[in-house]
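Now for the letters of each chain:
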Amino acid sequence: MSVFQHMSFDDHERVVFFRDPTTGLKSIIAIHSSALGPAGGGCRMWPYASDDDAIKDVLRLSKGMSYKNAMAGLPMGGGKAVIIGDSRSDKSEDLFRAFGDFVESLGGSYITAEDVGISVADMEIVAGRTSYVSGLPHESGTAGGDPSPKTARGIFHGIKAAAAHKLGRSDLEGLVVAVQGVGHVGYYLCKDLAAAGARLIVADMDDQRVQRVVDEFAAQAVPGDEILLQPADVLAPCALGGILDAGSIPKLQVAIVAGGANNQLATDADGDALRDLDILYAPDYVINAGGIINVAYEYFDLGDDREVMARLEDIGSRLTEIFQAADQQGLSTNRVADAMARQRIGRA
Ligand code: NAD
C-alpha cells in the first residue's frame, strides 16, 4: 500500500522508515505538521499485525498530535513514532539506542517521549543517543517524568467539565465512571476520580492491573468485552483507539464519553452518531493533552510542576468552549474541535 494513497495520509510532511537488522528495530516516524514548531509526540511499541496497520497508526496518531498540540496552545507541531514489536518480549537496550539514533537523524524536527508500551527507563536509554527526547526522570517540583499522571489529571478536569455541561453537576460525588483500560493513564485517572468520590467500573486484559484498582479504589471489575455495555454516567476509554464505531455506539449506556485513548472514533461520522444519541463526546486529543503539556514544559523549560498542574485545568475550560460551540452550531464536538485545530495550524 502506497503511503501517499493511504486513507489516513493527510499531506503529512515526512514519513520516515527505519530498519536496524542488528537490533531488530523496525520503526516509523511520521511528521504531520511542523507549522507550530518541531513535531512532538510519543513513541508507541506495538506488535502490529501488518506494516499497513503500523503505517495507519502512525499517520493517524501524528495528525492527532498536530491537532492536540495546537489546541493545547503548545509551540509544537505534530509527530509520532511507532516501533513494530512486542513490548513484553522484544525490548533491549540496543534496540532503544538504535531508536535514539533514528530520532537523532531527523535533526530535531521530531521530539519523542513515552506512549503505549514505552517506559521512562526506555526513554533514558534513548536519551543516551539523542537530545530530542522528553519524559525523562526529573527532580521533584520540576516538570517532566512519566506523562501519564498528568494526562490523567487533564482527563479528570475534562470529565468535570463534561459532567457540568451535560449533567449540571458541580462535583463528582457518586458519579459512575466506566474505565476501559487501567494501565498508566487509566490507573491514575481512577485514583483522581476515587478521591473525588466517583464510583468506578473497570476492565483490563491484565488481571493484575484490574486487581490493583479494585483493591486501592474499591472499583467494580467487569469482563473486558462488557465494559462498553455498562450503564454509567461516563465511559472513559483509556486503552486503544477505534473503539467507537457503528457496532459499539448503539450499545452504549452512558451520557458522556470522556477518556484518554487516542483516536477513539473509528471515523468522524461516529462523532455524529454519538451526538444523534445525545451522548456528549469529549474530543480525545483535547482531553488527553496533559501528558504532552508536561512533555513540552520539560523540553522547552516553560515552567515547573506547579505551573503544569495549573495549565492542566485549562483542559476543562477548553472543552466547555467546544461543547458550547457544538450546541450553538448544531455540530458534533469532534467536528468543532477539528475545525478549531485546523484554524490554529492554518494561521501559523
Ligand atoms: P498502557 O499500555 O499503560 O495501558 C493501556 C491498558 O489498556 C493496558 O493495561 C492494556 O492491558 C489495556 N487494554 C488494551 N486493550 C484493552 C481492551 N480491549 N479492554 C480493556 N483493556 C485493554 O497505556 P497508557 O499509557 O495508559 O495509554 C492508554 C491510552 O491513552 C492509549 O490510547 C494512549 O495512546 C493514550 N494516551 C496516553 C498518554 C500517556 O501519557 N501515557 C497520553 C495521551 C494519550
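This text follows the structure it describes.
Figured I'd write up the structure that's included with this text. Keep in mind it's a predicted model, so treat the numbers as computed, not measured.

## Let's talk about the packing of aromatic side chains
Link 1 in the chain: According to the stated counting rule, one finds 7 aromatic pairs in the structure shown.
Link 2 in the chain: Both rings, one in Y187 and one in Y188, keep their centres 5.2 Å apart while their planes meet at 75 degrees; by these two values the pair is edge-to-face.
Link 3 in the chain: With a relative accessible area of 8%, Y187 lands in the buried category.
Link 4 in the chain: Between Y187 and F217, the aromatic rings sit 5.6 Å apart at their centres with planes inclined by 45 degrees, giving tilted as the arrangement. Linking Y187 in helix 5 (residues 184–195) with F217 in helix 6 (residues 207–217), this pair joins segments that are 30 residues apart in sequence.
Link 5 in the chain: Residue classification places F217 among the buried residues on the basis of a relative accessible area of 15%.

## Overview of the state of the cysteines
Link 1 in the chain: Counting across every chain of the model gives 0 disulfides.
Link 2 in the chain: Just so you know, C190 is unpaired, no disulfide at all, and the nearest cysteine sulfur is the one on C238, 7.6 Å from it.

## What about the site of the ligand?
Link 1 in the chain: Within the structure, the ligand sits among 22 residues, and T151, H184, D204, R209 and A239 are positioned closest to it.
Link 2 in the chain: Interatomic distance of 2.7 Å between a side-chain N/O atom of T151 and an oxygen atom of the ligand.
Link 3 in the chain: Across the complex, the protein chains shield 87% of the 820 Å² of accessible surface that the ligand would expose by itself.
Link 4 in the chain: Taken together, the elements giving at least two residues each to the shell around the ligand come down to helix 4 (148–167) and helix 5.
Link 5 in the chain: Among the residues forming the shell around the ligand, the class breakdown is 8 nonpolar, 9 polar and 5 charged.
Link 6 in the chain: Composition of the shell around the ligand by domain shows at least three residues from each of domain 1 (3–65 + 77–127) and domain 2 (148–347).

## What about the sheet that holds strand 9 (residues 220–221)?
Link 1 in the chain: Strand order in the open sheet formed by 6 strands is 9-8-7-10-11-12, and the pairing between neighbours is parallel. At either end of the open sheet lies a strand with only one pairing partner, and these are strand 9 and strand 12 (280–281).

## Quick word on the side chain of S148
Link 1 in the chain: Position of S148 among the secondary structure elements: in helix 4.
Link 2 in the chain: Residue S148 is classed as buried on the basis of its relative accessible area of 9%.
Link 3 in the chain: The residues contacting S148, other than those within four sequence positions of it, are H184, V185 and Y188.

## Focus: the packing of helix 4 against helix 5
Link 1 in the chain: Here helix 4 crosses helix 5 at 50 degrees, and the two axes come no closer than 8 Å. Accordingly, the angle class assigned to the pair helix 4 and helix 5 is oblique. Seen from above, helix 4 lies across helix 5 with right-handed handedness. Facing helix 4, whose interface residues are S148, P149, T151, A152, R153, I155, F156 and I159, helix 5 presents H184, V185, Y188, L189, D192 and L193.
Link 2 in the chain: For the contact of helix 4 with helix 5, a count of residues per class yields 9 nonpolar, 3 polar and 2 charged.

Cut-offs and rules
Residues numbered from 1 in each chain as written. Predicted model: local features only at pLDDT ≥ 70, side-chain atom pairs only at ≥ 80, totals over all residues. Heavy atoms only, no water. Phe/Tyr/Trp six-rings, centres within 6.5 Å; stacked < 30°, edge-to-face > 60°. Buried < 20%, exposed > 50% of the residue type's maximum accessible area, 1.4 Å probe, protein only. Helix = DSSP H or I, 4+ residues; strand = E, 2+ residues; numbered from the N terminus. Disulfide = S-S within 2.5 Å. Near = heavy atom within 4 Å. Polar contact = N/O pair within 3.5 Å; in protein donor to acceptor, adjacent residues only side chain to side chain. Areas by Shrake-Rupley, 256 points an atom, 1.4 Å probe, with all protein chains shown as cover. Nonpolar A, V, L, I, M, F, W, Y, C, P; charged D, E, K, R; others polar. Domains from an automatic or database assignment. Pairing = 2+ DSSP bridges. Contact = heavy atoms within 4.5 Å. Axes fitted to C-alpha atoms, helices over the stretch in contact; angles between N-to-C directions. Parallel < 35°, antiparallel > 145°, perpendicular 65-115°, else oblique. Left-handed = near helix turned anticlockwise from the far one by under 90°.

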